[in-house]
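# Reading the structure
Each chain, letter by letter, is given below.
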Amino acid sequence: QVQLVESGGGLVQAGGSLRLSCAASGRTFTDYTISWFRQAPGKERDFVAAISRSGGLTFYADAVKGRFTISRDNAKNTVSLQMNSLKVEDTAIYSCAAAYGRFHTGRYRPDEYIYWGQGTQVTVSS
């Protein structure tokens, strides 16, 4: 099992940067694909980025590709999301999630994930 806690959210001006962190507990951290999702008010929860168990593969939603970077440090049990060139439409609650096993295309779907953090608010002002 994995317990996840997000941090790093806040208010930032459009064009700025923010780095989110997801701290995990549990000795089986490396058994899990880790992803970031976000949910804006009145909208469905959307996939943002995913990283494979070893960190060797990363995947991004088209809306954030080229602007966001996901990484993980398995020695520290952490996953980060570096967000650059932020846009107002990036405003959302960002949550990290863990799914047991390797990444596959089903990992774009939130119902593939059993373990979720509490979420952290990201607000981008114009």
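Residues numbered from 1 in each chain as written. Predicted model: local features only at pLDDT ≥ 70, side-chain atom pairs only at ≥ 80, totals over all residues. Heavy atoms only, no water.

Scanning the chain from terminus to terminus reveals zero helices and eleven strands. What you see for the chain is a C-alpha radius of gyration of 13 Å, in line with the 14 Å of a compact globule of 126 residues. Each principal axis of the C-alpha distribution contributes one length, and for the chain these read about 40 × 25 × 25 Å. In the chain, buried positions account for 44% of the 126 residues. On the chain, roughly 6600 Å² of surface is accessible, and the fraction owed to carbon and sulfur atoms is 47%. Looking at the chain, you have 14 positive and 10 negative side-chain charges, and the mean spots of the two groups are 5 Å apart. (Helix = DSSP H or I, 4+ residues; strand = E, 2+ residues; numbered from the N terminus. Rg over C-alpha atoms; globule rule 2.2 N^0.38 Å. Buried < 20%, exposed > 50% of the residue type's maximum accessible area, 1.4 Å probe, protein only. Areas by Shrake-Rupley, 256 points an atom, 1.4 Å probe, with all protein chains shown as cover. Lys, Arg positive; Asp, Glu negative; His and termini not counted. Charge placed at Lys NZ, Arg CZ, Asp CG, Glu CD.)

Of all hydrophobic cores here, the largest spans 38 residues; its most connected members are Trp36, Leu81, Met83 and Tyr94. Only β3 (18-25), β4 (32-39), β5 (46-51), β6 (58-60), β7 (68-73), β8 (78-83), β9 (92-100) and β11 (120-125) provide two or more residues apiece to this core. If you tally residues by element for this core, the top one is β9, at six residues. Excluding residues within four positions of it along the chain, Leu81 makes contact with Leu18, Arg19, Leu20, Trp36, Val48, Ala49, Phe68, Thr69, Ile70 and Tyr94. (Core = buried A, V, L, I, M, F, W, Y, C linked by side-chain atoms within 4.5 Å. Contact = heavy atoms within 4.5 Å.)

Geometric descriptors of this kind do not, in isolation, establish any biological role.
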